[in-house]
Amino acid sequence: MDQKALFNISYGVFVLGAKTEEKVNAWTTNTFVQVASAPLQVTLACLNRNYTCDMIKKSGTFSISVLDQSCTFDTIKHFGFQSGRDVNKFDTVVYDTDAYGNPYVKKEACSLFSCKVLSSQDLG
């Protein structure tokens with residue numbers, strides 16, 4: 001297979017938010033995809049070592065902010081290039097919470113998904 005073919009796959013960029021009793025956090029991802037329509041189901045991939053992944057495992061819910069074309073690389077870096085274990089990513093970011101209490105960004109986002117985990121698969 002020509003590995004360059006992978007660069008032709010189109011996808012979006014998202015901020016995934018999660019919360020536990022102690023903290024809200026988020027990270028930048030590009031692995032959020034619709035997999036069924038009736039009922040609506042989506043899938044995402046996250047690294048087991050990510051702090052937000054641990055939070056999703058504890059809470060069983062998460063939010064997805066779909067970033068729009070006005071989104072700056074600074075926003076992507078803010079949520080994707082530092083760990084929520086070390087910093088509070090929402091200290092300087094205006095956000096709201098979904099029905100599950102998960103944070104989502106309002107600026108530079110065009111839509112919101114509020115998600116509940118139905119199943120998970122550890123791929124190693």
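Note that the coordinates shown come from a computational prediction; the quantities given were computed from them, not determined experimentally.

Q: Before we go on, may I ask you to explain the overall build of the protein chain in this structure?
A: What the protein chain contains, in helices and strands, is two helices and eight strands. Listed N to C, the secondary structure of the protein chain is β-β-β-β-α-β-α-β-β-β in terms of helices and strands. For a compact globule of 124 residues, the expected C-alpha radius of gyration is about 14 Å, and the protein chain comes in at 14 Å, within 12% of that figure. Its C-alpha atoms put the protein chain at 45 × 30 × 30 Å along the principal axes. Counting the 124 residues in the protein chain, one finds 33% classified as buried. For the protein chain, restricting intrachain contacts to residue pairs at least 6 apart in sequence, the fraction spanning at least 24 positions comes to 62%. For the protein chain, the centre of its 12 positive side-chain charges and the centre of its 12 negative side-chain charges are spaced 2 Å apart.

Q: Sorry if this is basic, but what is going on with the state of the cysteines here?
A: Put plainly, a disulfide is one covalent bond tying together the sulfur atoms of two cysteines. Summed over all chains, the structure comprises zero disulfides. Free of any disulfide, Cys-53 has its nearest neighbouring cysteine sulfur in Cys-46, separated by 3.1 Å. Just so you know, Cys-115 is unpaired, no disulfide at all, and the nearest cysteine sulfur is the one on Cys-46, 12 Å from it.

About the thresholds
- Residues numbered from 1 in each chain as written.
- Predicted model: local features only at pLDDT ≥ 70, side-chain atom pairs only at ≥ 80, totals over all residues.
- Heavy atoms only, no water.
- Helix = DSSP H or I, 4+ residues; strand = E, 2+ residues; numbered from the N terminus.
- Rg over C-alpha atoms; globule rule 2.2 N^0.38 Å.
- Buried < 20%, exposed > 50% of the residue type's maximum accessible area, 1.4 Å probe, protein only.
- Contact = heavy atoms within 4.5 Å.
- Lys, Arg positive; Asp, Glu negative; His and termini not counted.
- Charge placed at Lys NZ, Arg CZ, Asp CG, Glu CD.
- Disulfide = S-S within 2.5 Å.

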